[in-house]
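Fold and geometry: a report
What follows is each chain in one-letter form.
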Amino acid sequence: KLQNGNTTTPPPPPPPTSPLQEKKEEEEEKDDEKVEKVEKAPITTDGIMPQKKFYRSRAHCNPLSHNDAFDYPIEPSAFDWTVDHYPNHPDLSKNKVIQPDVLDVGCGFGGLTIQLSTLLPQNTILGIEIRAKVCEYVRLRIVALRKENQSSTQQQQQQYENASVMRSNAMKYLPHYFRPNSISKLFFCFPDPHFKEKNHRRRIISERLLSEYIYLLKPTHGRLYCVTDVEELHLWHVKKCNAHPLLRKLSDEEMKEDVCVETMRMVTEEGKKVERAGAGKYYAVYERIGVKEGAVHAKNFFNEGEFGVVRSNNKKDGGD
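Residues numbered from 1 in each chain as written. Predicted model: local features only at pLDDT ≥ 70, side-chain atom pairs only at ≥ 80, totals over all residues. Heavy atoms only, no water.

1. Structural notes on the pattern of salt bridges
Evaluation of the coordinates by the stated rule reveals 14 salt bridges. When the shortest N-O distance is used, the salt bridge between Arg 141 and Glu 269 registers 3.5 Å. Of the two residues, Arg 141 is situated in helix H4 (residues 132-148) and Glu 269 in helix H11 (residues 269-277); the sequence distance between them amounts to 128 residues. Given the relative accessible area of 19%, Arg 141 is considered buried. Close ionic contact of Asp 258 with Arg 223 constitutes a salt bridge, the shortest N to O distance being 2.9 Å. (Salt bridge = Lys/Arg side-chain N within 4 Å of Asp/Glu carboxyl O. Helix = DSSP H or I, 4+ residues; strand = E, 2+ residues; numbered from the N terminus. Buried < 20%, exposed > 50% of the residue type's maximum accessible area, 1.4 Å probe, protein only.)

2. Regarding the packing of aromatic side chains
Summed over the entire model, instances satisfying the criterion amount to 12 aromatic pairs. Judged by centre distance (4.6 Å) and plane angle (70°), the rings of Phe 79 and Trp 81 are edge-to-face. You can call Trp 81 buried: its relative accessible area is 2%. (Phe/Tyr/Trp six-rings, centres within 6.5 Å; stacked < 30°, edge-to-face > 60°.)

3. Quick notes on the pairing of strand S7 (residues 282-288)
Within S7, five of the seven residues are buried, which leaves it mostly tucked inside the rest of the structure. When strand S5 (residues 223-228) meets S7, the two strands line up antiparallel, connected through six bridges. Looking at S7, one finds that Tyr 225 is bridged to Val 285. Note that strand S6 (residues 247-249) and S7 share three bridges and pair antiparallel. Among the inter-strand pairings, Lys 249 is bridged to a residue of S7, identified as Tyr 286. (Pairing = 2+ DSSP bridges.)

4. A word on the environment of His 200
Residue placement: His 200 occurs in the loop between strand S4 (185-189) and helix H7 (207-216). Among the residues examined, His 200 registers a relative accessible area of 17% and is labelled buried. Between the alpha carbons of His 200 and Trp 236 there is a distance of 9.8 Å; along the sequence they are 36 residues apart. Apart from the residues lying within four places of it in its own chain, the contact partners of His 200 are His 194, Phe 195, Glu 232 and Trp 236. (Contact = heavy atoms within 4.5 Å.)

5. Describing the sheet that holds S5
As summarised here, the arrangement of the seven strands in space is S3-S2-S1-S4-S5-S7-S6, forming an open sheet in which the pairing is mixed. Looking along the sheet, the strands with just one partner apiece sit at the ends: strand S3 (163-167) and S6. For this sheet, the mean inter-axis angle between neighbouring strands, taken without regard to orientation, is 20°. Of the strand pairs in this sheet, strand S1 (residues 102-105) and S4 are connected by four bridges, and their pairing is parallel. Looking across to S4, one finds that Val 102 is bridged to Lys 185. (Axes fitted to C-alpha atoms, helices over the stretch in contact; angles between N-to-C directions.)

6. Looking at the nonpolar core
Ranked by internal contacts, the top residues of the largest apolar core, which has 36 residues, are Leu 103, Phe 178, Phe 188, Tyr 213 and Leu 224. Looking at this core, the elements with two or more residues in it are S1, strand S2 (125-129), helix H6 (174-177), S4, H7, S5, helix H8 (231-243) and S7. Among the elements that take part in this core, H7 stands out by supplying five residues, more than any other. Once you skip the residues sitting within four places of it in the chain, Phe 188 turns out to touch Val 105, Ile 204, Ile 205, Tyr 213, Leu 224, Tyr 225, Cys 226 and Val 227. (Core = buried A, V, L, I, M, F, W, Y, C linked by side-chain atoms within 4.5 Å.)

7. Comments concerning H7
Among the residues of H7, Leu 209, Leu 210, Glu 212, Tyr 213, Ile 214 and Leu 216 are the ones counted as buried. The inward-facing, buried residues of H7 abut H6, S4, S5, H8, S6 and S7.

8. Some details on the pairing of S4
Burial runs high along S4: five of the five residues are buried. Burial along S4 is two-sided: the face carrying Lys 185, Phe 187 and Cys 189 and the face carrying Leu 186 and Phe 188 are both buried. Across five bridges, the pairing between S4 and S5 is parallel. For Phe 188, the partnering residue across the bridge sits in S5 and is Cys 226. Tracing the backbone out of S4, into H7 and back to the parallel element S5 gives a crossover that is right-handed. (Right-handed = clockwise from strand over helix to strand, strands pointing away.)

9. Thoughts on H8
For H8, with 13 residues, the first-to-last C-alpha span of 18 Å sits near the 18 Å given by 1.5 Å per residue. Regarding H8, the residues found buried are Leu 233, His 234, Trp 236, His 237, Val 238, Lys 240, Cys 241 and Ala 243. For H8, the secondary structure elements touched by its buried residues are H7, S5, S6 and S7. (Expected span 1.5 Å × (residues − 1).)

10. Things to note about the packing of helix H3 (residues 111-119) against helix H10 (residues 259-266)
Remark: H3 packs on H10, axes separated minimally by 10 Å, with the N-to-C direction vectors making an angle of 155°. Overall, the two elements H3 and H10 adopt an arrangement that is roughly antiparallel. In this structure, H3 meets H10 at a crossing whose hand is right-handed. Touching Leu 112, Gln 115, Leu 116 and Leu 119 of H3 are Val 259, Cys 260, Thr 263 and Met 264, all from H10. (Parallel < 35°, antiparallel > 145°, perpendicular 65-115°, else oblique. Left-handed = near helix turned anticlockwise from the far one by under 90°.)

Structure, rendered in structure tokens:
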């Protein structure tokens, strides 16, 4: 009863739901559940070749500000490569320790990683990619190729079992995964040029990172490959690598004899794009030398011109 004496009438009860309406509501609920399941389901299931159009991503990202929490082992011996990456590796029957010895850093959509798998059947290939969608595309691509070869001969069944891909930041975590002097080949194909001078520290080849790569490369025959369509970046690569006392540049004749050089130039997605555009490709290959070969010691390590050492004219820096 209200204050003015008037009374309120209760709302009318809802009309009874007809059986037809109840059935319609049930069907709508089922449809909603199906939509949720489709949205949660992966774009491509394991064993089916993925379509690249569903895995497009930005061409590059800033590795120094990429704050995704990557899991990584404390030391290389704490990581088992056979669990997620090489469960049917051909060398498992020989009781060998399985660890990648050929790295495709910034592998993109996996063209080079997959080609190296058949080109270097005695090696273990790993593509490293920082972008999640692109990495998943390469993983699905390798799984599909493995499945396609299951009905083939025993030798063909082992194809692509020596290749895998891992999502990580190669500028930060390589020493956590790989032992020193364990890598035979390191590939850097068409990396982000980072044109602005303030962003040069983001480049994948630099003085600091070169020492890390050389720490991983096998002495006397470990090789570092770099290719780009940007001449300015190529000159940067050559300058940094030439200045390092533990790297030796391969001659043109030596590069012609290396089957990986032509493969590096032609089979990557970016390389094919550059080829279609008719643009130039600039590349170089360096080999790690032994300590005795280079005669590197405390007296000559900091000589002017070695390892990027230059004379400073600033007295505060100790110059003349």
